[in-house]
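Survey of secondary and tertiary structure
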Amino acid sequence: MILTFRIKHGTDFSKELALARKVAEIAIVTRSRSTADVRHIGLKSAISNQILRKYSRKSIMKVKSVPLTVPGQSIKVNKESRCIVIPCLGLSLNYEFRNDFGKVNQIEIDSEYACVSVSIAEPPQINVWGAIGVDRNTTKHCVVIACPRTGKVWKLGKSAEHIHKKYSRLRRRYQRLRKYKKLKQVSRRERDIVKNIDHRISKKIVEIAKENSCMIRMENLTGIRKNKGHSRSFRYSLNSWSFYQQQTFADYKARLQGVQVSYDEPALTSQLCSRCGLIGIRSGKEFKCPSCGHVDHADSNASFNIALCRGAGRLHADRDACNGSTDTPREAIARMTPTSEPHAP
Ligand SMILES: [Zn+2]
């Protein structure tokens, strides 16, 4: 699989970035792939070649920001001194991220950061005894995990709702006052906080799966969004909350640990009784089953349903749903965290 790490390069590349933009603009007009056509611009041919390859594609109509794209063969890596050298730009970068990568595929450089894409060998999948179910919510804990094999429940991300509310309020206020600089600042701050939470939660999900020798079951998000039966405020928070980011993080973290992830269509996960499989009554965060008398927290009931695959199975183990740890992990994430994967492996 491919992971991308960001490193602040601390070098002024404004001249080269302007040239890269020119190359892209030419490529979009001529659809040419030949470096001879852009040699007069003066950008190193290894880089202009990469830009031509991207922007000569017919599907690209507009030039946005054009990073300096350095191909793997123009990059030298010294793993012992943890140093990456790009001779054609006279740039050397020290990295702190994992050292077990196979090779550097490419580096994209913008005015501030170098995004280093590396290949990492995926470990074999672990043997599993069952699945944990991950239920995602927009209110209270944003993730509730259940393990039917042990009956244990974990509730994570309690602060998420509070942060979301606080920052939407701030954003609305600055919008009203037309303080756009402040608005941008606030939005960026929120994005960073949410990203941090998502990293911690996804890490914890994978840890729980591995410790319990389970695979991960989650609901397919696209299915949730299509569902129109939600109130307006629910839809708002669903679309603006970072479920997708969290899922991407959990996905690659799981793959790095050999943990399998499966996505299922959400069907009645909040309405079925996880113990007997019949329809129960949900009011707020409480779930009651008139058929078997089962009473549970609505979110943990839902996460058991997801773990058991849409309530198709039956839950036999006796359990106390509220015994699970409600702690979110406290470890801070590394300064250089992998961003999303730009390429399919
Ligand atoms: Zn029941």
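Attention in this report is confined to the structure presented alongside it. (Residues numbered from 1 in each chain as written. Predicted model: local features only at pLDDT ≥ 70, side-chain atom pairs only at ≥ 80, totals over all residues.)

On to the overall build of the protein chain. Across its full length, the protein chain carries eight helices and 16 strands. Across the 345 residues that make up the protein chain, the buried fraction comes to 34%. (Helix = DSSP H or I, 4+ residues; strand = E, 2+ residues; numbered from the N terminus. Buried ≥ 20, exposed ≤ 12 C-beta atoms within 10 Å, placed from the backbone.)

When a strand is regular, its side chains alternate between the sheet's two faces. Pairing between strand 2 (residues 68-71) and strand 6 (residues 104-109): four bridges, direction antiparallel. Within strand 6, the residue paired with L68 across the bridge is I109. Looking at chain direction, strand 6 and strand 7 (residues 113-119) are connected through five bridges and run antiparallel. In the strand pairing of strand 7, I107 is matched with V116. (Pairing = 2+ DSSP bridges.)

Moving on: the sheet that holds strand 8 (residues 130-136). Hydrogen bonds between backbone atoms are what pair the strands of a sheet, whose relative direction is either parallel or antiparallel. An order of 10-9-8-11-12 is seen for the five strands of this open sheet, with the pairing classed as mixed. Lying at the two open borders of the sheet, with one neighbouring strand each, are strand 10 (152-156) and strand 12 (261-264). Pairwise comparison of adjacent strand axes, ignoring direction, gives a mean angle of 25 degrees for this sheet. In the sheet, strand 11 (residues 214-219) pairs with strand 12 via four bridges, with the strands oriented parallel. For R217, the partnering residue across the bridge sits in strand 12 and is S262. The strands touched by helix 7 (residues 243-257) are strand 8, strand 11 and strand 12; relative to strand 12, the strand with the most contacts, the crossing angle is about 145 degrees. (Axes fitted to C-alpha atoms, helices over the stretch in contact; angles between N-to-C directions. Contact = placed C-beta atoms within 7 Å.)

This paragraph deals with the sheet that holds strand 4 (residues 83-86). Across the sheet, three strands lie side by side as 3-4-5; this open sheet has antiparallel pairing. A strand with exactly one partner marks an edge of an open sheet, and here the two such strands are strand 3 (76-78) and strand 5 (91-94). Put simply, the sheet's adjacent strands are angled 20 degrees from each other on average, direction ignored. Both strand 4 and strand 5 contribute to a ladder of four bridges, which runs antiparallel. Across the sheet, I86 pairs through a bridge with L91, a residue of strand 5.

The terminal C-alpha atoms of helix 1 (residues 14-30), which comprises 17 residues, lie 24 Å apart, in line with the 24 Å expected from a rise of 1.5 Å per residue. The set of residues buried in helix 1 consists of L19, A20, V23, A24, I26 and A27. Relative to the axis of helix 1, the buried residues are bounded by an arc of 160 degrees and lie together on one face. Relative to its buried face, helix 1 has exposed residues pointing more than 90 degrees away, namely S14, K15, A18 and V29. Its buried side turned inward, helix 1 meets helix 2 (45-55) and strand 2. Of the residues trailing helix 1, R31 is marked for its positive phi of about 55 degrees. (Expected span 1.5 Å × (residues − 1). Arc of directions from axis to C-beta.)

What follows covers the environment of A18. Looking at the secondary structure, you find A18 in helix 1. Its 12 C-beta neighbours within 10 Å are what place A18 among the exposed residues.

The next thing to look at is helix 4 (residues 180-211). For helix 4, built from 32 residues, the straight-helix expectation of 46 Å at 1.5 Å per residue is met to within 8% by its first-to-last C-alpha distance of 46 Å. All buried positions along helix 4 are accounted for by V186, V194, I197, D198, H199, I201, S202, K204, I205, V206, I208 and A209. Looking at the packing, one finds that the buried side of helix 4 touches strand 8, strand 9 (143-147), strand 10, helix 3 (159-176), strand 11 and helix 7. Count one or two residues on from helix 4 and you reach S213, which has phi positive near 50 degrees.

What follows covers unusual backbone geometry. Although it is not a glycine, R82 adopts a positive phi angle of roughly 50 degrees. In this fold, R82 is placed in the loop between strand 3 and strand 4. According to the C-beta neighbour criterion, R82 is partly exposed, with 13 such atoms within 10 Å. Positioned with a positive phi, R178 is a non-glycine residue whose angle comes to about 55 degrees.

Turning to the pairing of strand 4, a few remarks are in order. Here strand 4 shows one buried face, formed by I84 and I86, and one open face, formed by C83 and V85. Pairing geometry for strand 3 and strand 4, over three bridges, is antiparallel. In the strand pairing of strand 4, K76 is matched with V85. In this antiparallel pair of consecutive strands, strand 3 and strand 4, the connection spans four residues, and R82 shows a positive phi of 50 degrees. As consecutive antiparallel partners, strand 4 and strand 5 are separated by four residues, and within that stretch G90 has a phi angle of approximately 60 degrees, a positive value.

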